[in-house]
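Working through the structure, step by step
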Amino acid sequence: MAAAPLLRTDDCGLFCEAGGFHIDPWRPVARAVISHAHGDHARPGSAAYLAAAPAVPVLQRRLGAEARIEAVPFGERVRAGEVEVSFHPAGHILGSAQVRVERGGEVWVFSGDYKRRPDPSCEPFEPVPCQTFITEATFGLPIYRWDDEPVVAREILAWWEGNRQASRASVLFCYALGKAQRILAALAPLTDRPAFVHGSIEPLNKCYRAAGVEMLPTRLVSETARGQSFAGELVLAPPSAGGSTWMRRFGSASTAFASGWMRVRGTRRRRGFDRGFVLSDHADWPDLIRTIEETGAERVLTTHGYADALARYLRERGRAAGTLATPFAGETED
Amino acid sequence: MKRFASLYEALDRTTSTNEKVAALVAYFSSAPPADAAWAVWFLTGRRLKRFLPGRLLAGWAMEEAEIPGWLFEESYASVGDLAETISLVLDGRGEAEAAPDLPLSRWMAERLLPLRGLPEGEQRREVTGWWRGLPRWETFVLNKLLTGELRVGVSQTLVERALAQVAGVPPSTLAHRLMGAWEPTASFYEGLFSPGAEGSEDGARPYPFYLASPLDQPVEELGDRDGWLVEWKWDGIRAQLIRRGGEVHLWSRGEELITERFPEIARGAASLLSDGTVLDGEIMAWREGRPLPFAVLQRRIGRKKLTEKVLADAPAVYLAYDLLEHQGRDVRDQALSARRSALERLLENGRPFLPVSPRVEASTWEDVARTREEARERGVEGLMLKRLSSPYRTGRKRGDWWKWKIDPFTIDAVLIYAQAGHGRRANLFTDYTFAVWSGGELVPVAKAYSGLSDQEILELDGWIRRHTLQKFGPVRSVEPVQVFELAFEGISLSSRHKSGVAVRFPRIARWRTDKRADQADTLEGIKALIAG
């Protein structure tokens, strides 16, 4: 019997006392184990980082050249104090990992952000047996259920095609890291037309291409000639570019947002986009339930999103479950 | 159903007027008349009584989806729309049994309308069977039809424009053909497309109303004062009074037939007007030559039965201000000056129930502006300015009719409760209750839903979440800190409200971040406005 839980939250993050590290700390610590490179999970300022090898190029960009990051191949166990740590693909973005922590046969897995649907831009999720599973719950309500990616990709293409015929630009808002590359990879088998991208997206495209991900050819919006017409073109941009002066150059444009939140009509209409494409890098409700089953975990801790609802549902189905408060944002609406 | 559901989806998906019209034109050009008739019915905001209560549908959906009630409730709170929540939780249960498509008209005639006569068990078997055969969006549209809440984001004007384009008749002719009571049948729909003018029209059918726009320029810029008719702007029920074929029909602007609510007006019209007469005017609660507050008029609408007491407590008159049909002829093309003179001759003996809305005799725009200051005292909303040379137009066309309302009352009040909205505003706290001070306590005086920008709504939503004191179901009480300037059109004493006052059309004018809660208004101060 372990005296203290293997993982618990302290002021800085999810702390493994026996291993002397924090997972995805929200304040600088001595040793940080990072699940993936999104800003709410990977924050700068820690003295040393440990991450899955495929995540390191993007992580280095995000944390700065001076950050000390040790790369570990997926599946390889690393000794830290009394525990062994390993990374396992989470299927969320390139290099995203679940973090497995073991001490004398006791296994905890922190899922980080994850999804189960096939994604041509990253390694597929791998279920990891454990006793305690800390799962995200961003879309932990039964209303969230995703269509298959190729279906959504064809919808995006049809929207682009319709706008092309009407001589309008198609501005598709999506996260710069992960979602943008997934869209570019999903469209690659369907068309050869290049896409234009916002300046925050292109450096990440380079990291993905270097990792061997096939994507549509891309051009930087900022490198086009003054007065260039974007009529008929597809433009990818982060949501923060919406409503800014950057948008003016596109003239009459149709706007869309690719996000799991677009599943709900009211959310889409409130945001005022012309179209919403339901495409998420998080697990939907059926996949959350299936994943929890597959880990065989005796105990589940849910975090961010609809953590309360998911935990209560699991408890009612006879599984020990509780919530774990963390400041991770999951997929935000902006 | 597929075709109609796709139209709904296309309309729901875009905010562009042109795209909406294009989607409607595509639909009306291709849909079978029997289907299109139902589509026109729903798109112009006509309703059927709900077939099933939403509560019942929700219960069946939970069991179908195998989720507990509380989880369905959480989902509903997050979606903000019951029909949509049901379609989302039912989605993905396998489309292997996808049913062949049935046209909308057959859905109505063979499935939905017969549903009313069935016992609950069979209703359930029918509805859950349909759910299994339909994809998500069609399930959503079906649920909207079942709960009688089908509302499509398209204005009647756009529907008229699209139909007129397909039919090749002027939009005003089409608008007229869509007025009043009609049945959604193939022959009605085909009649919309008949060439030429009115033909044998339904005797009860009203004309499309002409709507005024708010005056947004200095009044002097309207030109010569003599070119304009000035009237009071009444705070009553806009209505058309029709005398045709020996009968009287009173239509509200919401296209409801309200003849029976106002027997004295109907009797007056029967005795004073000859067949082939249509008037435009305002129903007012009226006593001793003065308007009574709108709340009094509401009693005539709200009561199931019109007792002698209600008739005596809320006496009504019809203030006529325009003549649309005279001696069986549509006179809407004549100049207002001519229509008005004919109206005045016609209703020379109109009192007591059919008086003509008087002209405001002020010889210069300056005098007109001064007269407007008397509006509140006279119990009216302001002035109407109508161009004497203008025809009676259709819909809201700017330029000939202006409403020049008096500035609203304003008070500073404190936000005390908030509730999440629905639809587009689900998940956001957008329904607010405001209070003012009375003997050291905050007393609620108004609820308001509008007036803030989207940015302010988001900001306030965040603040409400961080400063909640208590939750009562969907309602949260918040720290009494935020002060807002509220504007409203009228105020009256009320025994139904805790504060003792009722305000009309309250909305948020400004977020007073510069004021502290203790600087908000007092109830005594507000009551003083009534006297003023």
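See above for the structure.
Notes on the structure in this doc start here.

Quick look at the interface of chain A and chain B
Tallying the contact residues gives 14 residues for chain A and 23 residues for chain B. Looking at the side of chain A that touches chain B, the elements that each hand over two or more residues are α5 (265-271) and α7 (307-316) of chain A. The biggest single contributor to the side of chain A that touches chain B is α5(A), with 4 residues.

A closer look at the nonpolar core
If you look at the biggest cluster of nonpolar residues, it comprises 165 residues, and the most contacted ones within it are A:L172, A:I183, A:V235, A:L236 and B:A39. Of the residues forming this core, the biggest block, 9 residues, is contributed by helix α3 (residues 33-43) of chain B. When residues no more than four places from it in sequence are discounted, the contact partners of A:L172 are A:I156, A:I183, A:L234, A:V235, A:L236, A:A256 and A:A258. In this structure, B:A316, B:A320, B:W401 and B:W402 belong to the second largest nonpolar core, which totals 51 residues.

Points about the packing of helix α2 (residues 149-165) of chain A against helix α3 (residues 179-187) of chain A
All names here are of chain A. Here α2 crosses α3 at 85°, and the two axes come no closer than 10 Å. It follows from the interaxial angle that α2 and α3 lie roughly perpendicular. Here α2 contributes E149, A153, I156 and L157 to the contact with α3, which in turn contributes I183, A186 and L187. Residue composition of the contact of α2 with α3, grouped by class: 6 nonpolar, no polar and 1 charged.

Examining helix α13 (residues 263-272) of chain B
All names here are of chain B. Inspection of α13 places I265, A266, G268 and A269 among the buried residues, and these make up the whole buried set. With its buried residues spanning 160° around the axis, α13 presents them on a single face. Counted as exposed and oriented over 90 degrees from the buried face of α13: R267, A270 and S271.

Considering the sheet that holds strand β9 (residues 97-103) of chain A
All names here are of chain A. The sheet built from 7 strands is open, its strands ordered β7-β8-β9-β10-β11-β18-β19 with mixed pairing. Strand pairing shows two members of the sheet lacking a second neighbour, β7 (78-80) and β19 (320-323), which therefore form its edges. Across the sheet, the mean angle from the axis of one strand to that of its neighbour is 25°, orientation sign disregarded. Judged from the 6 bridges that link them, strand β11 (residues 132-137) and strand β18 (residues 299-305) form a sheet pairing that is parallel. Residue pairing across strands places I134 opposite L301, the latter belonging to β18. Most of the contacts of helix α6 (residues 285-295) go to β11, to which it runs at about 170°, and overall it touches β10 (106-110), β11 and β18.

A few points about unusual backbone geometry
With a phi close to 45°, A:H304 is a non-glycine residue in the positive phi region. Mapped onto the elements of the fold, A:H304 is located in strand β18. Notably, B:Q327 is not glycine yet its phi reads approximately 50°, a positive angle. In this fold, B:Q327 is placed in the loop between β7 (316-326) and β8 (329-330).

Focus on the environment of B:A520
All names here are of chain B. Its place among the elements puts A520 in the loop between β19 (507-511) and α20 (523-531). Between the alpha carbons of A520 and F484 there is a distance of 8.5 Å; along the sequence they are 36 residues apart. Excluding its chain neighbours within four sequence positions, the residues that come into contact with A520 are D412, A413, V414, V436, W437 and V483.

Points about the sheet that holds strand β5 (residues 48-52) of chain A
The pairing of strands in a sheet comes from backbone hydrogen bonds and takes either a parallel or an antiparallel form. Residue and element names in this part refer to chain A. Strand order in the open sheet made by the 6 strands is β1-β2-β3-β4-β5-β6, with mixed pairing throughout. Since the sheet does not close on itself, it has two edges, and those belong to β1 (8-9) and β6 (69-72), each with one partner. Sheet strands in contact with helix α1 (residues 56-63) are β4 (31-34), β5 and β6, and its direction is about 165° off that of β6.

Here is what the cut-offs are and how they apply
Residues numbered from 1 in each chain as written. Chains lettered and ligands numbered in written order. Predicted model: local features only at pLDDT ≥ 70, side-chain atom pairs only at ≥ 80, totals over all residues. Contact = placed C-beta atoms within 7 Å. Helix = DSSP H or I, 4+ residues; strand = E, 2+ residues; numbered from the N terminus. Core = buried A, V, L, I, M, F, W, Y, C linked by C-beta atoms within 7 Å. Buried ≥ 20, exposed ≤ 12 C-beta atoms within 10 Å, placed from the backbone. Axes fitted to C-alpha atoms, helices over the stretch in contact; angles between N-to-C directions. Parallel < 35°, antiparallel > 145°, perpendicular 65-115°, else oblique. Nonpolar A, V, L, I, M, F, W, Y, C, P; charged D, E, K, R; others polar. Arc of directions from axis to C-beta. Pairing = 2+ DSSP bridges.

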